[in-house]
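Structural overview for review
Below are the chains, spelled out letter by letter.
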Amino acid sequence: MELTRLIVKGGVISPGELREIVNMGLEQGLDTISFGSRQDIIFPKGFTAIEKEKSGKNHFVYPNEESGNNIVTSYVSTDIFRNTPWLTGNKFLYILEQFKEQPQLKVNITDPKQQLVPLFTGHINFIASEHEDYWFMYIRLPKWSTMEIYPVLIYSWNIAEVYYAIEKILEEEPHSADMIFQLVSDALDTNNRTIDKPLSIPFYPFPYYEGMNKLGIDQYWLGLYWRNNLYDLDFLSAMCDLCFDCKIGKICITPWKSFIVKGIPKERKLDWEKFLGKKGINVRHSLLELNWHLPVAAEWALSLKTFLVRTLDQYDISTYGLTFGLSEYNRDGHYFTSIVIEKNKMPKELESMKIRDTYNVLYAKNFDPNTKEYIVLTQDIDKQELPLILIELSKKYFEELGNSLPEISATSVKKETKEQDVHQCTECLTLYNSEYGDLTQGIEKGVLFVNLPENYHCSLCEAPKNKFIDYLEKV
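Predicted, not measured: the structure shown is a model, and the values here were computed from it.

1. Topic: the overall build of the chain
A count of helical and extended segments in the chain gives 11 helices and 25 strands. Relative to its length of 475 residues, the chain is compact, with a C-alpha radius of gyration of 23 Å against a globular reference of 23 Å. When its C-alpha atoms are laid out on the principal axes, the chain stretches across 75 × 55 × 50 Å. Relative to its full complement of 475 residues, the chain shows a buried share of 55%. Within the chain, contacts between residues separated by at least 24 positions form 66% of all contacts whose residues are at least 6 apart in sequence. For the chain, the exposed area adds up to about 22900 Å²; of that, 48% sits on carbon and sulfur atoms. Averaged over its 51 positive side-chain charges, the chain has a centre that lies 5 Å from the centre of its 66 negative ones.

2. With respect to the packing of aromatic side chains
Tallied over the full model, the rule gives 36 aromatic pairs. Here the aromatic rings of F81 and W221 are separated by 5.8 Å at their centres, their planes lie at 75 degrees, and the arrangement is edge-to-face. Linking F81 in the loop between β6 (71–73) and α3 (89–97) with W221 in strand β14 (residues 219–225), this pair joins segments that are 140 residues apart in sequence. Overall, the relative accessible area of 4% leaves W221 in the buried class. Aromatic ring contacts, followed pair by pair, group F35, W226, Y231, F235, F259, W272 and F275 into a single cluster.

3. Some details on the packing of helix α1 (residues 15–27) against helix α6 (residues 233–245)
Put simply, α1 and α6 touch, their axes get as near as 9 Å, and they point 155 degrees apart. Between α1 and α6, the interaxial angle falls into the category roughly antiparallel. The element α1 and its partner α6 pack so that their crossing is left-handed. In this structure, α1 uses P15, G16, L18, R19, V22, G25 and L26 to contact α6, whose residues at the interface are L233, D234, L236, S237, M239, C240, D241, C243 and F244. Within the contact of α1 with α6, the residues separate by chemical class into 10 nonpolar, 3 polar and 3 charged.

4. A closer look at the sheet that holds strand β17 (residues 258–265)
The 5 strands lie next to each other as β2-β16-β17-β14-β13, forming an open sheet whose pairing is antiparallel. Both edges of this open sheet fall to β2 (12–13) and β13 (211–215), since each of them pairs with a single strand only.

5. Observations concerning the state of the cysteines
Enumeration over the complete set of coordinates arrives at 0 disulfides. You can see C240 has no disulfide; the closest cysteine sulfur is in C243, sitting 6.0 Å from it. The exposure class of C240 is buried, given its relative accessible area of 0%.

6. Observations regarding the pairing of strand β11 (residues 152–155)
Sheet topology note: the strand β9 (residues 134–139)/β11 ladder contains 2 bridges and is antiparallel. Directly across from Y134, in β11, lies its bridge partner Y155. Examined bridge by bridge, β11 and strand β12 (residues 193–194) share 2 bridges and lie antiparallel to one another. Bridging from a neighbouring strand, V152 pairs with T194 of β12.

7. With respect to the environment of K9
Position of K9 relative to the elements: it lies in the loop between β1 (4–7) and β2. Taking the relative accessible area as the measure of exposure, K9 reaches 37% and is therefore partly exposed. For the pair formed by K9 and L96, sequence separation is 87 residues and the distance between their alpha carbons is 7.3 Å. Only 2.7 Å separates the side chain of K9 from the backbone oxygen of F99, close enough to count as a polar contact.

8. Overview of the confidence of the model for the chain
The predicted coordinates of low-pLDDT regions are not to be read in fine detail. Per-residue pLDDT for the chain has a mean of 88; in total, 92% of the residues score no lower than 70. When the criterion is pLDDT under 50, residues 404–418 qualifies, and its contacts beyond four places in sequence or with other chains add up to 37 contacts.

9. Here we look at the side chain of Q115
Among the secondary structure elements, Q115 is positioned in the loop between β7 (107–110) and β8 (124–128). Since its relative accessible area comes to 16%, Q115 is described here as buried. In this structure the side chain of Q115 is engaged in a polar contact, spanning 2.9 Å, whose partner is the backbone oxygen of Y204. Q115 has contacts with P202, F203, Y204, P205, F206, P207 and N370, leaving out every residue within four places of it along the chain.

10. What to know about the environment of V61
Inspection of the secondary structure puts V61 in strand β5 (residues 59–61). For V61, a relative accessible area of 5% corresponds to the buried category. When the C-alpha positions of V61 and E2 are compared, they lie 11 Å apart, and in sequence the two are 59 residues distant.

11. Considering unusual backbone geometry
Of note in this structure, N229 is not a glycine but carries a positive phi near 60 degrees. With respect to the helices, strands and loops of the structure, N229 is situated in the loop between β14 and β15 (231–232). You can call N229 buried: its relative accessible area is 9%. Not every positive phi belongs to a glycine, and D380 is a case in point at roughly 55 degrees. Mapped onto the secondary structure, D380 falls in strand β22 (residues 374–382). On the accessibility criterion, D380 (17% relative accessible area) is buried.

Cut-off values and rules
Residues numbered from 1 in each chain as written. Predicted model: local features only at pLDDT ≥ 70, side-chain atom pairs only at ≥ 80, totals over all residues. Heavy atoms only, no water. Helix = DSSP H or I, 4+ residues; strand = E, 2+ residues; numbered from the N terminus. Rg over C-alpha atoms; globule rule 2.2 N^0.38 Å. Buried < 20%, exposed > 50% of the residue type's maximum accessible area, 1.4 Å probe, protein only. Contact = heavy atoms within 4.5 Å. Areas by Shrake-Rupley, 256 points an atom, 1.4 Å probe, with all protein chains shown as cover. Lys, Arg positive; Asp, Glu negative; His and termini not counted. Charge placed at Lys NZ, Arg CZ, Asp CG, Glu CD. Phe/Tyr/Trp six-rings, centres within 6.5 Å; stacked < 30°, edge-to-face > 60°. Axes fitted to C-alpha atoms, helices over the stretch in contact; angles between N-to-C directions. Parallel < 35°, antiparallel > 145°, perpendicular 65-115°, else oblique. Left-handed = near helix turned anticlockwise from the far one by under 90°. Nonpolar A, V, L, I, M, F, W, Y, C, P; charged D, E, K, R; others polar. Pairing = 2+ DSSP bridges. Disulfide = S-S within 2.5 Å. Polar contact = N/O pair within 3.5 Å; in protein donor to acceptor, adjacent residues only side chain to side chain. pLDDT = per-residue confidence, 0-100.

See below:
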């Protein structure tokens, strides 16, 4: 991807820092910037590398460079959504201050009681416990197939040094959380605490995070979202000036390609509303638009989202509490939305032909992405079939809502992957996965390929059973 990323530590940036970044874009003749799913800033194709003397402390990741792993936090959620009582915004800032060097791994530092920021999308995931200043740590290093829990709770002021100690032992290729614990314990003297009960993550509906909203008695917070994820630089520059005028110190980027301004004084609320009105900014999109996660600069994804949102809106379908993600098919993909629509890759031998794209639809167990368990509902379907499938999933969600309280425990994350029985049609490349069966032909979940009836055929091209090969052997 020929895009440039600017790493924003924890998704927290000051108005002064943002205006400096905006000016860098304006100097290169840019009109807009975008936001990424790890609370970073994205510059478009053609952005010229900034000399180190001029870039200051800003950390740019240019095309063809390493991905530039960063720290994601749920600081953005503090004070405005549900939170663990002891976990304040200042606590996040103190912890972030400990990270002096750019991390080599993806780090998440989150509150389990909020829904806006994903908990488990990092290599190292610190999740607040019920004990003040103590955190669970879930680890999934790049070569690991499952996520494991660190055997003790980490003290707030040890988080950064524990992380950097893990970085130092990567060359030893640790294969388990217990091994990492032994190596880190040998290297550091930390203030750990015994895990006396497993992590419990209650399920809450996805929040509405746009517009002007009350914050305490005498303040407001403002959530801003652009449909196309192209944020006007002149607008952002003027907004930073207004933040200075209102003595607002922080702007927070969300993982949903939007941002939030907290601490707008009550007496300045009208000034902000006038400012937004003069700029023609719409701050009341429906939740149906706000709960989609799309890859950056992917025209097909933006087009598909627009089609689906408009169609669902015509049917007047409620999606409150659900989140949707669009992604190109990736067997190792780690999603953080309730429902995922995967775009299948076109086989190379068919790329020259005009064949319509096909999609797979998955949904998280209990519609809770924190379970990290996804169920394949249907595969290889046409774009026109997607709205009806999403409508059925929405109905299923509301039917099951309240029947039980979906929760995830400290041990359940380890059940992410298991040995699979997957076969692929050699004619059209459709997959049969025994974990999901084939509902189109009445095949229940769990039926191994070898036990399929001899008259079983491909659900897409109707090729016979003997045209399937073992997909896992092939890859």
